[in-house]
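Now for the letters of each chain:
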Amino acid sequence: MSEDEEELYDESETSGLDSPLDDVDTEEDTYEDAIPAPAEAALENDFERLVKDIQTSDGVSSAGVLQREWDFRVPDEDTFRDDLREASGIGKRKKRKRQRRIGPTLSHQVRALIGQGNQAYVDNDLQEAMRTMQEVIRIEPRAISAWTVLAQCYEDKHEPQKALQLRIVAAHLRHDAEEWERLARQSKDLGYHQQALYCYSKLYSLDPTNVDALWDRAALAKEANDLRTARHSLLAILKHFPRDTTVLTELRPILIELSDFALCASLYEGALEHHRSLYPLGHALDPFLSKESTSPVEFGLMEILVLADLYNTMNQYDRAIQTVRRGWRWIQGRASQKFWDVCEDDREYDLPPEEGGIPVQRYGDVQPGYYPLDINARHRLAISRIKMGDLGEGKMHTTIVLSQDVLDYAALFVEIADAYFEREMYNDARPIYETLGAESATSSLYVLLQVATCRRMQGDLREASEVYKQVIEADQSNNDAKMKLAELYEIMDEPRKALELVYQVIDSRKRRPPQAEDSNVDRATPQPTASLFDEKSQMRQKGKAANKQGRLSLAELKALEEEREKEVVTGYKRVEELWPGILGDHPDDQAEREWILEAEKLIDMFRETRNLFLTTKNYDFRGMFPKRRSQRRTDGADEDRMASRLELNERDKHVRRGRDDGLNPERVDSFRGVSFDNWLRVFMQYAFTLTKRGDHAPAEEVLRHILMSNAYRSKEMQATIRLAIITCAISMGNYPIAVEQCRKLINTYQFNNEPFRILMSSLSGGLRATDSFISSTLQKHLFRELRLSDAVVRTPELLKWNSSSRRYNLSSTKTGEDDDGTKGGDALDEEADDIGDADPSGDKRQPRLPTKNNPMPVTIYGQLCLAAKSYQSAIFYLLHAYDYCPEDPMICLCLAISSIGRAMQRQSDNRHHLIVQGMAFLSQYRSIRRQAGDHVLPEIEFNFGRAFHQLGLHSLAVTHYEKALQLVESQGDDDVSVAREAAYNLSLIYVTTGAILLADALYRKWLSV
């Protein structure tokens, strides 16, 4: 067992009982192997506190009985039965071995009183015996025999509840584990669950090896809904039986209910590793399974699925995938095939084509395994892949799961649809919800509401309203559905229908009877009980007490905020003072380190403020102590506002009001004395400094985090932060991140060429930049933008405005066929944040549609095909660009490169035509480019030389390369990049033809540092 697991098992916590014993030392609930002495000391301490409480309350004894404080000397014990024999004269005192006495040394007066009390009990004079023993307790509360005789008297009077109370008090002095077990069972039989839990805790403190007591305590705690006590009891059992699946099965729902997913996952992970070490080859092939053991392995598929679900819940999708893959491989007896872990995809469990599997293109040396996979395990893989953004693998698994019968696997269908819905992939979630809603056995109000939401987010408002009508017909009391339908009617300019629904909601809430508070009822009708504990309201009071502990008052919070504001202002001034010292080519290292530390403190304070990172994106930062609107949900304020707005719209249809001004308070533009612009400047300076020092990961993390802040919701701020992320990524050569952010800018600023220019400038050159440029994700994204750019001019009627993503999308074609270019919309593009909704100005105007063809998207897509060596496709798209803008030299140059490149391929059927075409476009490029001035002449000569070089015409290529070098040398231009490229290509020709001396001269003049 690891040290971490031991720490988990050794946790100590009180049983949470709100009673006279609540102040007892927490040693009663520790799950350490307790030695007798500390346990006895704890019991005696509890006894002292309990008797003090009895002295000040109306307990079993009459008032004024226990009014004297007692001393705490080492106790001695006179047992009740020996005293009884001595008083009655019947029997002999049993001779026993000399042992440590329990209880104090009794005085002669007390011993005499005890004898009198015992004699009265023998004479059946219960009243006299009770009076005498109460007097003994008043004088010496630690006299065990007095408590015992008094309890027996109540037992004979047929008052078992009071007798049980007295025996519990006496048990604190006896230190007998069997007696505590007997008292716990009696309390449980009488229905005193909290009292029984207390007795079980004392039993375990005296006898830590009594596992049965822990089981009983855990079962009773679950029955009493005391989950924390049940949790600690089961963890203590796990200490005795580590990794036992039966205990884990009992503990799992408790930990999930307590949201302790990390502990639950660690326990299951430890059990899995333990069973894998016991059976290293797996279930099917391990020789120990067939020879030495006939029982099946305890840890199976269900436990693996539970562990995967826990990791998915904690957003640890990679670990969930590894758990399913490795666990199922172990179950199949293939644990030794660890080479599958190298594959990032799930080719190990691809569905064979003969079983209906969709062929998937796999790269690498490892071929698909086509191993069978349980449909529930495949469902976990699908959920993990979708939530982590690996849509290709996720959809492969989803297709297999969705091919099953919906009646048998409805729960799996719902979870897959919810995963798509969480990623705002409404086009993929909608058909699954509709499939569930089509069957009466799987349909529900939740499914129908999800269908309506998907249709609304896709812009199908009329269809969404029909679904809401069905929900309202099925449940007339569903006010949420009525309000959502009213919002749709308001958007569709049908205020009368919306107003009617709002009035219905207001009337239903007025007719709703007021709910009485449980706390008032409990106070008004207290129920007497014979238990030492408050059995009924125990858990509720414990929750309230826990919530009240540790809270600061509003005045204290404001004082604390003032102190933090002073710290921020002081830190910002220091940052401003140090910044000039770290600029330049030779910054002060000490000043730079100090600046990073001060800036890091400010950034951490900003990122740890929850008010700056609200869960909704529709509200700006309103300060640390915003004014709250009271009774917003209880008095129907939302409905009243909507009704007022609809009445005004109905009265004057030419005036369309937006949101109520009261809903948009004045926006706060600073935080703790520093404006948000200055905060953003600190963030960017911090990110740039870390990137310059080589720490790109934390810099990117900070910038990505503040993208989610409500303080930077505007499109301008979002674009600024994304440009900073792009800058850091380019500096470190992390081009995929630059491409990702450029794609988001392209989505935000639709029909704008500037994001395309940023994309091309970010990928200026180099092999890694080229790889990112020709990636499949960027190719698909640019193809969708190309289709939108073409459709906006040719068929604008097919465009549909998406209010959620604030973009135009292509709707379905008239023939009803699937449109691969538009299927999924921007959901497949992984645009998780709606930039358009982040505008604090409330400007929801749609962008103006272009009326002319835009050559930018088609040119970039042609260049992408050209970089991927798909010359024929490049010629096709670049010719379209040439039609849109024939005077652009870049388009002509790209067409020339594409034509010559296609002519050099074996698949070309007309090489000479393509070469002539390429030279024609190259000549057109020269005529247009020459108009820019003489400084571009070296570039033109180099491009001609490069074309002849590729065609194998070395003599013509040498002429143009040499002319380019002469022009650069004659102009004295500082930019010698073209000259170096020309010199390198010319040296290759010289080396090939054997002119080594000429090549050496080029190296020394142009290619040496």
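Residues numbered from 1 in each chain as written. Predicted model: local features only at pLDDT ≥ 70, side-chain atom pairs only at ≥ 80, totals over all residues. Heavy atoms only, no water.

Tell me about the overall build of the protein chain, residues and numbers included.
Within the protein chain one finds 44 helices and four strands. Counting over 1009 residues, the protein chain shows a buried share of 46%. Within the protein chain, contacts between residues at least 6 apart in sequence are counted, and of these 61% link residues at least 24 apart. In the form shown here, the protein chain has an accessible surface area of approximately 53200 Å², with 49% of it arising from carbon and sulfur atoms. (Helix = DSSP H or I, 4+ residues; strand = E, 2+ residues; numbered from the N terminus. Buried < 20%, exposed > 50% of the residue type's maximum accessible area, 1.4 Å probe, protein only. Contact = heavy atoms within 4.5 Å. Areas by Shrake-Rupley, 256 points an atom, 1.4 Å probe, with all protein chains shown as cover.)

Provide a residue-level description of helix α32 (residues 715-732), including the pertinent values.
Compared with the 26 Å implied by 1.5 Å per residue over 18 residues, the 26 Å span of α32 between its first and last C-alpha is a close match. For α32, the complete set of buried residues consists of M717, Q718, A719, I721, R722, A724, I725, I726, C728 and A729. If you follow the buried residues of α32, they end up packed against α30 (676-692), α31 (696-707), α33 (735-748) and α34 (754-762). One or two residues past the end of α32 sits G733, with phi positive at roughly 75 degrees. (Expected span 1.5 Å × (residues − 1).)

How would you explain the environment of Y503 if you had to name every residue and give the values?
Among the structural elements, Y503 can be located in helix α24 (residues 495-511). Each C-alpha atom of the pair Y503 and M642 lies 9.7 Å from the other, and the pair is 139 residues apart in sequence.

Describe the packing of aromatic side chains, naming the residues involved and giving the relevant values.
Within the structure shown, the criterion is met by 21 aromatic pairs. Centre to centre, the rings of F606 and F613 are 6.1 Å apart; their planes meet at 90 degrees, and the pair counts as edge-to-face. You'll find F606 and F613 in the same group, each marked buried. Ring centres of F606 and W679 lie 5.1 Å apart, and the angle between their planes is 45 degrees; on these two criteria the pair is classed as tilted. Remark: W679 occurs in helix α30 and F606 occurs in helix α28 (residues 589-607); sequence separation between them is 73 residues. Since its relative accessible area comes to 0%, F606 is described here as buried. It is R334 that lies over the ring of Y371; its NZ or CZ is 3.7 Å from the centre. Note that K715 overlies the ring of Y749, its terminal NZ or CZ placed 5.2 Å from the centroid. (Phe/Tyr/Trp six-rings, centres within 6.5 Å; stacked < 30°, edge-to-face > 60°. Lys NZ or Arg CZ within 6 Å of the ring centre and 35° of its normal.)

Summarise the pattern of salt bridges; cite the residues concerned and give the values.
Oppositely charged side chains can pair when the atoms bearing their charge come close. For the structure on display, the rule yields 41 salt bridges. Measuring nitrogen to oxygen at the nearest pair gives 2.6 Å for the salt bridge that ties R131 to E128. Here E128 and R131 lie together in helix α5 (residues 126-139), a separation of three residues that amounts to about one turn. Taking the relative accessible area as the measure of exposure, R131 reaches 48% and is therefore partly exposed. Between E577 and R574 there is a salt bridge, with the nearest N and O atoms lying 3.4 Å from each other. (Salt bridge = Lys/Arg side-chain N within 4 Å of Asp/Glu carboxyl O.)

Outline the pairing of strand β4 (residues 807-810), listing residues and values.
Here β4 shows no split at all, with R807 and N809 on one side and Y808 and L810 on the other all buried. In terms of strand pairing, strand β3 (residues 799-802) meets β4 through four bridges, oriented antiparallel. Residue pairing in the sheet places K800 in a bridge with N809 of β4. (Pairing = 2+ DSSP bridges.)

Let's hear about the packing of helix α7 (residues 160-174) against helix α9 (residues 193-206): which residues, and what values?
At a closest axis distance of 12 Å, the pairing of α7 and α9 adopts a crossing angle of 20 degrees. Judged by the angle between their axes, α7 and α9 are roughly parallel. Between α7 and α9 lies a crossing whose hand is left-handed. The residues of α9 that touch α7, namely those facing L164, I168 and H172, are Q195, Y198, C199 and K202. Residue composition of the contact of α7 with α9, by class: four nonpolar, two polar and one charged. (Axes fitted to C-alpha atoms, helices over the stretch in contact; angles between N-to-C directions. Parallel < 35°, antiparallel > 145°, perpendicular 65-115°, else oblique. Left-handed = near helix turned anticlockwise from the far one by under 90°. Nonpolar A, V, L, I, M, F, W, Y, C, P; charged D, E, K, R; others polar.)

Run through unusual backbone geometry, naming residues and quoting values.
Positive phi values are uncommon outside glycine, yet E424 reaches one of about 60 degrees. Looking at the secondary structure, you find E424 in the loop between α19 (410-422) and α20 (426-438). Since its relative accessible area comes to 24%, E424 is described here as partly exposed. With a phi angle near 65 degrees, K869 is a residue other than glycine that sits in the positive phi range.

Can you explain a nonpolar patch on the surface? Please cite residues and give values.
Nonpolar side chains collect at one region of the surface, where Y984, L988, V991, I996, Y1003 and L1007 lie side by side and expose about 500 Å² of accessible area between them. Among the elements of the structure, α43 (977-993) and α44 (996-1006) are those that each provide at least two residues to the nonpolar patch. Ranked by residue count, the leading element in the nonpolar patch is α43, at three residues. By the secondary structure assignment, Y984 is in helix α43. (Patch = residues over 30% accessible without salt bridge, like charges linked within 9 Å, V, L, I, M, F, W, Y side chains within 5 Å.)

Help me get a handle on the environment of A964, residues and values and all.
Checked against the element boundaries, A964 lands in helix α42 (residues 954-971). When the C-alpha atoms of A964 and F944 are compared, they prove to be 9.9 Å apart, with 20 residues separating the residues in sequence. Setting aside residues no more than four positions away along its own chain, A964 makes contact with P938, E941, F942 and A982.

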